[in-house]
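The primary structure of each chain is shown beneath.
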Amino acid sequence: LVAALGGRGLRRLLERRGYPACADFAGVYAFDEGADYRALARGWLASLADGGILMCHPGEEGGAPADPIGRTRPRELGYLASAAFDEDCAAAGVARVPVAGLAGGRGG
């Protein structure tokens, strides 16, 4: 879906200008409050290619009332801040890198 919305063209543009582009992208789901976020994340982590990015939307309880995905944000934050996330990353062979580390030394 992301590729169809212009992701391929953006990747080519980044490469022409010497910027790194992510090799893979995961984390898309319907923001269903009943979804097992850890199970979803385990699947994403297991399938993520080297150099890929896991999209997430963490947030605390009581965010903006009009936020359409506000009810799912605390669940994501809870998982990402847990030992379970560290365990799942290790099991999938995924290393977490700060966003600044993704720029390849070309700014932030």
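Structure shown above.
Fair warning: this is a prediction, and the values are worked out from it, not measured in the lab. (Residues numbered from 1 in each chain as written. Predicted model: local features only at pLDDT ≥ 70, side-chain atom pairs only at ≥ 80, totals over all residues. Heavy atoms only, no water.)

A few points about the overall build of the protein chain
Here's step 1: A tally of helices and strands in the protein chain yields five helices and two strands.
Here's step 2: Of all 108 residues assigned to the protein chain, the portion counted as buried reaches 19%.
Here's step 3: Long-range pairs, those at least 24 residues apart, make up 58% of the contacts in the protein chain with a sequence separation of at least 6.
Here's step 4: Accessible surface, the protein chain as shown: approximately 7200 Å² in total, 57% of it carbon and sulfur. (Helix = DSSP H or I, 4+ residues; strand = E, 2+ residues; numbered from the N terminus. Buried < 20%, exposed > 50% of the residue type's maximum accessible area, 1.4 Å probe, protein only. Contact = heavy atoms within 4.5 Å. Areas by Shrake-Rupley, 256 points an atom, 1.4 Å probe, with all protein chains shown as cover.)

Quick word on the nonpolar core
Here's step 1: Ala26, Tyr29, Tyr37, Ala41, Trp44, Leu45, Leu48, Tyr79, Leu80, Ala84, Phe85 and Cys89 together form the largest nonpolar core, which totals twelve residues.
Here's step 2: Among the elements of the structure, helix H2 (37-47), helix H3 (73-80) and helix H4 (83-92) are those that each provide at least two residues to this core.
Here's step 3: Setting aside residues no more than four positions away along its own chain, tryptophan 44 makes contact with Ala26, Gly27, Val28, Tyr29, Tyr37 and Leu54. (Core = buried A, V, L, I, M, F, W, Y, C linked by side-chain atoms within 4.5 Å.)

Structural notes on the environment of glycine 78
Here's step 1: Mapping glycine 78 onto the fold places it in helix H3.
Here's step 2: Residue class for glycine 78 comes out partly exposed when judged on its relative accessible area of 41%.
Here's step 3: Taking the C-alpha atoms as reference points, glycine 78 and proline 58, separated by 20 residues in sequence, lie 8.1 Å from one another.

Focus: the packing of H2 against H4
Here's step 1: At a minimum axis distance of 9 Å, the contact between H2 and H4 shows a crossing angle of 30 degrees. By the angle between their axes, H2 is roughly parallel relative to H4. Crossing angle aside, the handedness with which H2 passes H4 is right-handed. On the side of H2, the interface is formed by Arg38, Arg42, Leu45 and Ala46, while H4 contributes Ala84, Phe85, Glu87, Asp88, Cys89 and Ala92.
Here's step 2: A per-class count over the contact of H2 with H4 returns six nonpolar, no polar and four charged. (Axes fitted to C-alpha atoms, helices over the stretch in contact; angles between N-to-C directions. Parallel < 35°, antiparallel > 145°, perpendicular 65-115°, else oblique. Left-handed = near helix turned anticlockwise from the far one by under 90°. Nonpolar A, V, L, I, M, F, W, Y, C, P; charged D, E, K, R; others polar.)

Some thoughts on a positive patch on the surface
Here's step 1: Together, Arg8, Arg12, Arg16 and Arg17 make up a positively charged patch on the protein surface.
Here's step 2: Turning to its location among the elements, arginine 16 is positioned in helix H1 (residues 3-16).
Here's step 3: Judged by its relative accessible area of 63%, arginine 16 is exposed. (Patch = residues over 30% accessible without salt bridge, like charges linked within 9 Å, V, L, I, M, F, W, Y side chains within 5 Å. Salt bridge = Lys/Arg side-chain N within 4 Å of Asp/Glu carboxyl O. Lys, Arg positive; Asp, Glu negative; His and termini not counted. Charge placed at Lys NZ, Arg CZ, Asp CG, Glu CD.)

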